[in-house]
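If you want the building blocks of each chain, they are given just below.
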Amino acid sequence: MNKNLINMIKTSLLKLPSPINISYWWNFGSLLGMFLFIQIISGLFLSMHYTPHTHYAFPSLIHIIQNVNSGWMIHNMHINGASMFFFSLYIHISRNLYYNSYKIFNTWMTGVSIYLMSMATAFLGYVLPWGQMSFWGATVITNLITTIPYLGNSITQWLWGGFSINNATLNRFYSFHFILPLIILLMMMLHLMFLHSTGSSNPLGTSSDLNKISFHSYFTFKDYITFILMIMIFSILNFEYPYVLSDPDNFSPSNPLITPIHIQPEWYFLFAYAILRSIPNKLGGVIALLSSILILYTLPLLNSTMNSMAFYPINQFLYWMFLNSFILLTWSGAQIIENPFMMISQILSIYYFIFFILFNFIKKIMENILIQ
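In the nomenclature of an unreviewed UniProt entry, the protein corresponds to Cytochrome b from the organism Acropyga smithii. UniProt, in the comment section headed Sequence similarities (unreviewed entry), describes the protein in these words: "Belongs to the cytochrome b family."

Here it is as structure tokens:
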């Protein structure tokens, strides 16, 4: 039985046939696995000393940082590990968009599902310190559920466990934050299973069945290089600039009587937050927010014979404009809610969604030209 298991691991991982021409951009998938492992382990150690209670959550974090052996390091690894995870995730998605890897249907669909669950997990984790931004961020986001016609208020109160954010809410968020990473881990295994059944894509976008090599040692060595590089960046972030990505308001205990001047989420949610607040109507903003993520599910449904954007200048132009709009939306989401930032967010939000329409439309035109 053990020999069969070892042979299966060798066949599925070490001897996996991989396209010979895949570049370092393909390494971010394995980096995501590394950062997920770091998050699960560091979160496990933090949970041993964290107290999910509105009166003790913030003091328990102070206790972890100041009194627990290496608690400050574990805490830094966990909060910055989330940023590194989403940084790797966004590059991973961008690469898949550029090389049309979404055509691998099952792999793409499970990947987008992992993205959604990762966003939910990160939001729940952001609430747990019970600082000012944690409390008010949870208040703003959970209040969005009230936009659901007829049932919104009832669902919101059920989620809160009362008529406002309270101790029951914090306990529920803690439970979900603990269990979701394990579900993400299972989804990642499913993601890899689908990937191995179809094989990886490659920069050319063509079939590489006749030109593959063993994953080990060619690509494991490339993975080692990116692992070392990202761990170096991660270490510098943890030891030199541990709170550079954190909001200063979250270093104050939550106070329901004092609203922060500018409520904003973590940097990896800012693009969606900018889209949300760019629409004056509350329900319209919520629909736009959900659509900005769920629209990724529609990409494999586009019937296209084009294998990659790398050789089509118009598609490249659209792609880089889309990427710039994503970056600028992230920037505008961190600005105060007034003009010209609101107008910039609205223009960028329109282009964000138009990209997916133009992307399919221009592909159809290019295909007709190539066929003729």
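(A) A look at the packing of aromatic side chains. The full count for this structure, using the stated rule, is 34 aromatic pairs. Between tyrosine 90 and tyrosine 115, the ring centres sit 5.9 Å apart and the planes meet at 85°, which makes this aromatic pair edge-to-face. Residue tyrosine 90 is located in helix 4 (residues 71–98), and its partner tyrosine 115 is located in helix 5 (residues 105–127); the two are separated by 25 residues in the primary sequence. Like tyrosine 90, the residue tyrosine 115 is buried in the burial classification.

(B) Spotlight on unusual backbone geometry. With omega at 10°, the peptide bond leading from asparagine 339 into proline 340 counts as cis. The topology assignment puts proline 340 in the loop between helix 12 (313–333) and helix 13 (341–371). Here the phi dihedral of serine 70 falls at roughly 60°; this positive angle occurs in a residue that is not glycine. For serine 70, the location among the structural elements is in the loop between helix 3 (57–66) and helix 4. With a relative accessible area of 38%, serine 70 lands in the partly exposed category.

(C) Examining helix 12 more closely. Helix length check: helix 12 (21 residues) gives 30 Å between terminal C-alpha atoms against 30 Å at 1.5 Å per residue, within 8%. Along helix 12, the residues classified as buried are Asn315, Leu318, Tyr319, Phe322, Leu323, Ser325, Phe326, Leu329, Thr330, Ser332 and Gly333.

(D) Focus on the side chain of glutamine 264. As for its position among the elements, glutamine 264 is in the loop between helix 9 (215–239) and helix 10 (270–277). Of the polar contacts made by the side chain of glutamine 264, one reaches the side chain of histidine 262; its length is 3.0 Å. Here glutamine 264 is in contact with Tyr126, Met133, Asp247, Leu270, Tyr273, Gly333 and Ala334, once residues within four sequence places are set aside.

(E) Here's a closer look at the nonpolar core. Membership of the largest hydrophobic core comes to 89 residues, with the highest contact counts inside it found for Phe86, Trp108, Tyr115 and Phe271. By residue number, the principal contributor to this core is helix 5, which donates twelve residues. Summarising the domain contributions, this core has at least three residues from each of domain 1 (23–263) and domain 2 (264–371). Discounting chain neighbours no more than four positions away, the residues touching tyrosine 115 are Phe86, Leu89, Tyr90, Ile93, Phe271, Ile293 and Leu296.

(F) Geometry of the side chain of arginine 277. Tracing the backbone shows arginine 277 in helix 10. Although arginine 277 is buried, it makes no salt bridge; glutamate 338 carries the closest opposite charge, 9.9 Å away. Excluding residues that lie within four positions of it along the chain, arginine 277 makes contacts with His262, Ser332, Gly333, Gln335, Ile336, Ile337 and Met342.

(G) Local environment of the environment of phenylalanine 234. Turning to its location among the elements, phenylalanine 234 is positioned in helix 9. When the C-alpha positions of phenylalanine 234 and asparagine 80 are compared, they lie 7.6 Å apart, and in sequence the two are 154 residues distant. Setting aside residues up to four positions removed in sequence, phenylalanine 234 forms contacts with Phe35, Ile38, Met77, Asn80, Gly81 and Met84.

(H) Inspection of the packing of helix 4 against helix 12 at higher detail. It is the contact of helix 4 with helix 12, at a shortest axis distance of 11 Å, that shows an interaxial angle of 160°. On the basis of their axis angle, the class for helix 4 and helix 12 is roughly antiparallel. You can see that helix 4 and helix 12 cross each other, and the crossing is right-handed. In contact with Tyr90, Ser94, Arg95, Leu97 and Tyr98 of helix 4, helix 12 contributes Gln316, Tyr319, Trp320, Phe322, Leu323 and Phe326.

(I) Region of interest: helix 8 (residues 167–198). Taking 1.5 Å of rise per residue, the 32 residues of helix 8 would be expected to cover 46 Å, and the 47 Å separating its terminal C-alpha atoms lies within 8% of that figure. Within the span of helix 8, buried status applies to Thr169, Leu170, Phe173, Tyr174, His177, Leu180, Pro181, Ile184, Met187, Met188 and His191. Residues of helix 8 that are buried make contact with helix 2 (28–47), helix 3, helix 4, helix 5, helix 6 (132–143) and helix 7 (152–160). Capping of helix 8 at its N-terminal end is provided by asparagine 166; its side-chain oxygen lies 2.8 Å from the backbone amide nitrogen of alanine 168. Looking one or two places after helix 8, you find glycine 199, whose phi comes out positive at around 90°.

(J) Representation of the packing of helix 2 against helix 8. Relative to each other, helix 2 and helix 8 sit at 150°, their axes nearing to 11 Å. One finds that helix 2 runs roughly antiparallel with respect to helix 8. Here helix 2 and helix 8 pass one another in a crossing that is left-handed. Where helix 2 abuts helix 8, its residues Leu32, Gly33, Leu36, Ile40, Leu44 and Ser47 lie against Tyr174, Phe178, Pro181, Ile184, Leu185 and Met188. Tallied by class, residues from the contact of helix 2 with helix 8 come to ten nonpolar, two polar and no charged.

Rules of the game
- Residues numbered from 1 in each chain as written.
- Predicted model: local features only at pLDDT ≥ 70, side-chain atom pairs only at ≥ 80, totals over all residues.
- Heavy atoms only, no water.
- UniProt positions renumbered as here; feature names shortened; annotations may be inferred.
- Phe/Tyr/Trp six-rings, centres within 6.5 Å; stacked < 30°, edge-to-face > 60°.
- Helix = DSSP H or I, 4+ residues; strand = E, 2+ residues; numbered from the N terminus.
- Buried < 20%, exposed > 50% of the residue type's maximum accessible area, 1.4 Å probe, protein only.
- Expected span 1.5 Å × (residues − 1).
- Polar contact = N/O pair within 3.5 Å; in protein donor to acceptor, adjacent residues only side chain to side chain.
- Contact = heavy atoms within 4.5 Å.
- Core = buried A, V, L, I, M, F, W, Y, C linked by side-chain atoms within 4.5 Å.
- Domains from an automatic or database assignment.
- Lys, Arg positive; Asp, Glu negative; His and termini not counted.
- Salt bridge = Lys/Arg side-chain N within 4 Å of Asp/Glu carboxyl O.
- Axes fitted to C-alpha atoms, helices over the stretch in contact; angles between N-to-C directions.
- Parallel < 35°, antiparallel > 145°, perpendicular 65-115°, else oblique.
- Left-handed = near helix turned anticlockwise from the far one by under 90°.
- Nonpolar A, V, L, I, M, F, W, Y, C, P; charged D, E, K, R; others polar.

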